[in-house]
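Each chain, letter by letter, is given below.
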Amino acid sequence: MKIGMWELVVIVVVAMIFIGPDKLPEYARMAGKWLRQLRTYTDTATKEVKEITEPLKEMTEPLKEITDPLNAIKKDITDSMNDVTKSIDSIGKEPSKTEQARKAAAEEEVVELEEIAPEAEAAEAVAAIDAIGNAAEAAPAEQAEPAAEEVAPAAEETASV
């Protein structure tokens, strides 16, 4: 609590009217003494409270570390239960517009996946055809050499006949 300059002036004027100028210094000393004692009492009380609460804080920190994961699990379970409850409650009821929109979006995603799947299969087929074509190009060169060797003996047999 802070007392501004004007509040202090009002207090002094009221005190001069009720107490009088003769006894005002005596009462001011007494009020100052009480304020000092009050401040001392509050300071010691604050120190004692801090001394009591510090060990409690040190004891609660490990407990918080233990309970934090449990609270997270509890929250997950509660959320799951709420979802199940909503699902059960919605059985037999007409779906809301947001649920219909969610279902439509899910169906659109499936449609998109189905459209992508044939394209992926076509790409795999093209890659397989290319691999076969590359193998076929390499194979005639390898087969040409054995075929030439087979043709030569066959030509010799026909010539001898």
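Residues numbered from 1 in each chain as written. Predicted model: local features only at pLDDT ≥ 70, side-chain atom pairs only at ≥ 80, totals over all residues. Heavy atoms only, no water.

Q: Is there a simple way to explain the overall build of the chain in this structure?
A: When helices and strands are tallied, the chain shows three helices and zero strands. Reading the chain from its N terminus to its C terminus gives the helix and strand order α-α-α. The buried share of the chain, taken over its 161 residues, is 1%. (Helix = DSSP H or I, 4+ residues; strand = E, 2+ residues; numbered from the N terminus. Buried < 20%, exposed > 50% of the residue type's maximum accessible area, 1.4 Å probe, protein only.)

Q: Please explain helix α1 (residues 5-18) as it appears in this structure.
A: Turn by turn, an α-helix covers 3.6 residues, leaving residues three or four places apart pointing in a common direction. With 14 residues, α1 should cover 20 Å at 1.5 Å per step; its first-to-last C-alpha distance of 20 Å lies within 8% of that length. Once α1 finishes, Gly-20 follows within two positions and takes phi at roughly 100°, a positive value. (Expected span 1.5 Å × (residues − 1).)

Q: Is there a simple way to think about the pattern of salt bridges in this case?
A: As a working rule, side chains carrying opposite charge can pair if their charged atoms are close by. Applying the stated criterion across every chain, the model contains one salt bridge. With a shortest N-O distance of 3.3 Å, Asp-79 and Lys-75 are connected by a salt bridge. Placement of the pair is Asp-79 and Lys-75 together in helix α2 (residues 24-90), with a separation of four residues, close to one helical turn. Relative accessible area serves as the criterion here: at 33%, Asp-79 is assigned to the partly exposed category. (Salt bridge = Lys/Arg side-chain N within 4 Å of Asp/Glu carboxyl O.)

Q: I keep staring at the confidence of the model for the chain and nothing clicks. Help me out?
A: As a general rule, the predicted coordinates of low-pLDDT regions are not to be interpreted in detail. In this model, the chain carries an average pLDDT of 76, and 66% of its residues clear a pLDDT of 70 or more. At the level of individual helices and strands, the chain shows its lowest average pLDDT in helix α3 (residues 97-160), which scores 59, and its highest in α2, which scores 90. (pLDDT = per-residue confidence, 0-100.)

Q: How should I be thinking about the layout of surface pockets in this particular structure?
A: Over the atoms rolls a probe the size of a water molecule, and in doing so it shows where empty space is left. A volume near 160 Å³ is recorded for the largest pocket. In terms of lining, the largest pocket is formed by Ile-3, Leu-8, Ile-11, Val-12, Ala-15, Ile-19, Leu-24, Tyr-27, Ala-28 and Ala-31. Elements with a minimum of two residues in the lining of the largest pocket: α1 and α2. Split into classes, the residues belonging to the lining of the largest pocket amount to ten nonpolar, no polar and no charged. (1 Å grid on protein atoms, 1.4 Å probe; cavity = no way out; pocket = protein on both sides within 12 Å on 5 of 7 lines; lining within 4 Å. Points joined across faces, edges and corners; volume = space filled by probe spheres on them. Nonpolar A, V, L, I, M, F, W, Y, C, P; charged D, E, K, R; others polar.)

Q: Where do I start with a negative patch on the surface in this structure?
A: On the surface, Glu-54, Glu-58, Glu-61, Glu-65 and Asp-68 cluster together to form a negatively charged patch. Structurally, the position occupied by Glu-58 is in helix α2. The exposure class assigned to Glu-58 is exposed, which follows from its relative accessible area of 55%. (Patch = residues over 30% accessible without salt bridge, like charges linked within 9 Å, V, L, I, M, F, W, Y side chains within 5 Å. Areas by Shrake-Rupley, 256 points an atom, 1.4 Å probe, with all protein chains shown as cover. Lys, Arg positive; Asp, Glu negative; His and termini not counted. Charge placed at Lys NZ, Arg CZ, Asp CG, Glu CD.)

Q: Whenever I open this one, α2 confuses me. Can you help?
A: Helix length check: α2 (67 residues) gives 79 Å between terminal C-alpha atoms against 99 Å at 1.5 Å per residue, more than 12% under. At Thr-67, α2 shows its strongest bend, of approximately 30°, with the proline Pro-69 following within four residues. Gly-92 occupies a position one or two residues after α2 and carries a positive phi of about 85°. (Bend = angle between axes of the 7 residues up to and from the residue.)

Q: How should I be thinking about a nonpolar patch on the surface in this particular structure?
A: On the surface, Met-5, Trp-6, Val-9, Val-10, Val-13, Val-14, Ile-17, Phe-18, Ile-19, Tyr-27, Met-30 and Trp-34 cluster together into a nonpolar patch covering about 1300 Å² of accessible area. Looking at the nonpolar patch, the elements that each hand over two or more residues are α1 and α2. With eight residues, the single largest contributor to the nonpolar patch is α1. The topology assignment puts Phe-18 in helix α1. Phe-18 gets classed as exposed once you look at its relative accessible area, which sits at 71%.

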